[in-house]
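Understanding the architecture of this molecule
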Amino acid sequence: MDIYAQSVVPSVQKARLVFNSKDPFVPSFVQNSLLPSVNPQEIYASRIHGRRILLDNPIGKGDKKPQKKKKKSTANCNIPRISGSWSLDAHQAKFDLFVPLHQLWMGYMSELLALNSAEPPSSASAHPKLLKADFSGSFISVQASKNPSLSSIQGIVLHESENTFVIITRDNKTKVLPKQNTIFTLCVPATSVSHSLPSAATIVLDIPHLAFTLYGNQFRFRASDRAGRKFKSKETVEL
């Protein structure tokens, strides 16, 4: 048989094909699928014959309207984003510039601890308040550390993060002190400093003060996290 020979099948482009069968497939399939306890012919005639039946569930498959893309607001496009860690301009790294900040912190401690000019506060009432205090502007020193190069460093706290203190020393150098494996000494005024200080360069070491020990391993929280955190008493651990 030559498969490339002209086909002898008559053209059916405009003709309508009709298939006839004594036993059509749909009635036979439906009636054979029903249980014998019911009347298949009656069910086919009343529910299927002459009706349009959808063979698929169209619910949820309709044409979804295309969602319009939201236009991004261009109001803040020209504003540069500031990212990265905290930093300080080298020209502003001077100890004397931050002494007024330290004096403001001493006034903050006077109000927080309810200091008066008569007697210093008790440690039982001061400890819970110091745990939730802001240390930016405080004066701290390293009492002990696993890193020998950090020993005896002291200065005003410029920035506190979860794991570090950034301080500026008397010789105008900024130091990053890790809290982990470090023990700090925090000095607070013993009496109220709401009145004028002896001089503009007075720091907490120049007046009667109290020294508290901070264990960095147990103090690794941000200032905002400490404000709403409940601390439990723990035994002192070694470095």
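Check the entry above for the structure.
Residues numbered from 1 in each chain as written. Predicted model: local features only at pLDDT ≥ 70, side-chain atom pairs only at ≥ 80, totals over all residues. Heavy atoms only, no water.

Most of strand β2 (residues 154-160) is tucked away, with five of its seven residues classed as buried. Across three bridges, strand β1 (residues 139-145) lies against β2 in antiparallel orientation. Bridge pairing in β2 links Ser 141 to Gln 154. Two strands pair when backbone bridges link them, and β2 and strand β3 (residues 164-168) are joined in this way by four bridges, in the antiparallel orientation. Bridging across to β3, Val 157 finds its partner in Ile 167. Linking two consecutive strands that pair antiparallel, namely β2 and β3, is a turn of three residues. (Buried < 20%, exposed > 50% of the residue type's maximum accessible area, 1.4 Å probe, protein only. Helix = DSSP H or I, 4+ residues; strand = E, 2+ residues; numbered from the N terminus. Pairing = 2+ DSSP bridges.)

Let's shift gears to the side chain of Thr 182. Structurally, Thr 182 can be placed in strand β5 (residues 182-189). At 3.4 Å, the side chain of Thr 182 and the side chain of Ser 145 are in polar contact. Within the structure, Thr 182 has its side chain in polar contact with the backbone oxygen of Gln 180 (distance 3.2 Å). (Polar contact = N/O pair within 3.5 Å; in protein donor to acceptor, adjacent residues only side chain to side chain.)

As for its placement among the helices and strands, Ser 141 is situated in strand β1. Judged by relative accessible area, Ser 141 falls into the buried class, the value being 15%. When sequence neighbours within four positions are dropped, the list of residues in contact with Ser 141 reads Ile 153, Gln 154, Ile 183, Phe 184 and Thr 185. (Contact = heavy atoms within 4.5 Å.)

Honestly, it's all geometry; don't read function into it.
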